[in-house]
Amino acid sequence: MKVIAVATQKGGVGKTSTTVNLAAGLSLAGARVLAVDLDPQAQAGTAVGVNLSGEDQLARSLGWIIQARLQGMRMDLSNLWFDRSELLSEFEDAGTLHLLACEESTMTAAQDLIHKKGYQSTPILRRILLDVEDFFDFVIIDTPPAVSSLSATALAAADYVITVSIPEYPALKGAAATRGTVRYVKDRTGGECDPQFLGAVLNRSNPPSRWKSQEVNVRNGLLDNDLAPFITDIRTDNRISDSFAFGVPSVIRYASHGPGKMYGQLMGQIVERIQQPREKWEMPERIESEAPGE
Ligand SMILES: Nc1ncnc2c1ncn2[C@@H]1O[C@H](COP(=O)(O)OP(=O)(O)OP(=O)(O)O)[C@@H](O)[C@H]1O
Ligand SMILES: [Mg+2]
């Protein structure tokens, strides 16, 4: 089982879109995938058609699961996660897609409890996920924006961390800050957790022929800040955003169109980086010329 956290301090840059499309894309390719929604906004759940409401549903929130575990109770996750594999039913050779869903009030209470118990509770999600390692090939965690005990918990749970930026300076700063945070996880968890930084996805990009100087500078900035951008950018594409409303990730709705192709290439590069030492990672070239779109 490989656990990947998608994280950046900056809000609204595409963490959730990246998480759900990678999770769905890997499951389309045959893997057994668990998507984990750690953001109180619960949008990863929405993106795969799950919205928790009502008392019995709240008991399935990851917020409860974390609170219970912090108080020494071990839950059987197989009763609590949602099986969304029906989304893959039209695809031969697909794997499985499950979701650990979340809901705001329970997740906020979990966040407070983690904060109260101090940094030694940071590995809590890792411990929860290790209980189910035989069930999944990949776990992809969607994280909240900003620095919080929840995002620290996600980084600590991860074997690998991917960050996301859009072609704007504040987003680059948020990605660089997250990359810096990853370096301290091992020390802060007494060696229990040791995530590897895997690279940055440039999301909501334009075609390179239209790039203006901010886009060129952010792309170069990803290289200069040791953020290891992936070769494939994810372009601005309405099909990625409109899929939210249908509860079906764009990589499934548009499997043989732009979204399916872009995320398919990105997935290939992610899997390759997991298998290869860092010296062998393929990366885009620095852009030395003037911005072509100006
Ligand atoms: N490549 C894209 N093309 C078009 N729209 C996109 C793309 N990526 C993300 N979006 C849209 O941008 C908005 C923000 O994306 P998303 O929710 O994935 O960001 P986020 O980083 O998870 O936000 P938050 O910090 O609030 O959790 C959403 O409406 C989403 O549909
Ligand atoms: Mg989000």
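First, a word on scope: everything that follows refers to the structure included in this document. On a predicted model such as this, the values are computed, not experimentally measured, just so you know. Counting of residues starts from 1 at the beginning of each chain's written sequence and follows it residue by residue. The order in which chains are written sets their letters, starting at A; the order in which ligands are written sets their numbers, starting at 1. Local features in this predicted model are restricted to residues whose pLDDT is 70 or higher, and side-chain atom pairs enter the listing and the counts only when it is 80 or higher, whereas totals over whole chains, interfaces and linings include all residues. Each side-chain value is derived from all of the structure's non-hydrogen atoms; neither hydrogens nor water enter the calculation.

A word on the site of ligand 1. We call a residue near a molecule or strand when any one of its heavy atoms sits within 4 Å of it. If you check the shell around ligand 1, you find 20 residues, and the closest are G12, K15, T16, S17 and D237. Take S17: an N or O atom from its side chain is 2.6 Å from an oxygen atom of ligand 1. A distance of 3.3 Å separates an oxygen atom of ligand 1 from a polar atom in the side chain of R204. When the free accessible area of ligand 1 is taken as 630 Å², the share hidden by the protein chains comes to 83%. Of all elements in the fold, only α1 (15-28), β7 (196-205), β8 (234-235) and α10 (238-246) reach the threshold of two or more residues within the shell around ligand 1. The definition of a polar contact used here is a pair of N or O atoms within 3.5 Å, where within protein one atom must be able to donate a hydrogen and the other to accept one, and adjacent residues in sequence count solely through side-chain atom pairs. Each accessible area is a Shrake-Rupley result for a 1.4 Å probe, and residues are judged covered by the shown protein chains and nothing else. Starting at the N terminus, helices and strands are each numbered in turn, a helix being any DSSP run of H or I of at least four residues and a strand any DSSP run of E of at least two.

Salt bridges, as used here, are contacts in which a Lys or Arg side-chain nitrogen is within 4 Å of a carboxyl oxygen on Asp or Glu. Taken as a whole, this structure holds 15 salt bridges when the rule is applied. Between R84 and E86 there is a salt bridge, with the nearest N and O atoms lying 3.8 Å from each other. Between R253 and D242 there is a salt bridge, and its shortest N-O distance comes to 3.4 Å. One end of the pair, R253, is in helix α11 (residues 250-253); the other, D242, is in helix α10, and eleven residues separate them in sequence. Remark: exposure states derive from per-residue accessible area (1.4 Å probe, protein chains only) relative to the maximum for the residue type, with buried under 20%, exposed over 50%, and partly exposed in between. Judged by its relative accessible area of 31%, R253 falls in the partly exposed class. The network of salt bridges with shared partners includes R179, R183, D226 and R278.

To continue, consider the packing of α1 against helix α12 (residues 258-275). For any two helices packed against each other, one specifies the inter-axial angle together with the distance between the axes. Angles shown run from 0 to 180 degrees and are taken between the N-to-C directions of axes, each axis being a line fitted to C-alpha atoms and, for helices, limited to the stretch in contact. Contact pair α1 / α12: the axes reach a minimum separation of 10 Å and the direction vectors enclose 80°. Here α12 runs roughly perpendicular to α1, going by the angle between their axes. Contacts between α1 and α12 involve S17, T18, N21, L22, G25 and L26 from the first element and Y263, L266, M267, I270 and V271 from the second. Angle categories are assigned with fixed cut-offs, so that under 35 degrees is roughly parallel, over 145 is roughly antiparallel, 65 to 115 is roughly perpendicular, and the rest are oblique. Here, two residues are considered to be in contact whenever any of their heavy atoms come within 4.5 Å of each other.

Note on aromatic pairs: the rings of Phe, Tyr and Trp (six-membered ring only in Trp) are paired at centre separations within 6.5 Å, and the planes decide the class, stacked below 30 degrees, edge-to-face beyond 60, tilted for the rest. Applying the stated criterion across every chain, the model contains three aromatic pairs. For the ring pair W81 and F135, a centre distance of 5.5 Å and an interplane angle of 70° mean the geometry is edge-to-face. Of this pair, W81 sits in the loop between α4 (62-70) and β3 (82-83) while F135 sits in the loop between α6 (124-130) and β5 (138-142), and the two are 54 residues apart along the sequence. Ring geometry for F135 and F136: centres 6.3 Å apart, planes at 45°, overall tilted. Through a chain of ring-to-ring contacts, the aromatic side chains of W81, F135 and F136 assemble into a single cluster. Counting as a charge over the ring demands two things of the Lys NZ or Arg CZ atom: a distance within 6 Å of the ring centre and an angle within 35 degrees of the ring normal. Directly above the aromatic system of Y254 lies the positively charged group of R239, at a separation of 5.6 Å from the ring centroid. Sitting over the ring of F246, R253 keeps its end group 3.8 Å from the ring centre.

On to the sheet that holds β3. DSSP calls a pair of strands paired once it identifies at least 2 bridges connecting them. Taken together, eight strands build an open sheet; the order of strands is β3-β4-β2-β5-β1-β6-β7-β8 and the sheet is mixed. The two strands at the open ends of the sheet, each matched to only one other strand, are β3 and β8. Pairing between β7 and β8: two bridges, direction parallel. Bridged to N203 within β8 is I234.

To continue, consider the pairing of strand β4 (residues 96-100). Summarising burial for β4: four of the five residues are buried, a large majority. Looking at chain direction, strand β2 (residues 32-37) and β4 are connected through five bridges and run parallel. Of the residues in β4, the one forming a bridge with V36 is L100. Across two bridges, the pairing between β3 and β4 is antiparallel. Within β4, the position partnered with D83 by the bridge is H98.

Let's shift gears to the environment of Y160. Relative to the helices and strands, Y160 is located in strand β6 (residues 160-165). Each C-alpha atom, one on Y160 and one on Q196, is 4.7 Å from the other, the two residues being 36 residues apart in sequence. Beyond its immediate stretch of four places on either side in the chain, Y160 contacts K2, V3, I4, A5, Q196, L198 and I274.

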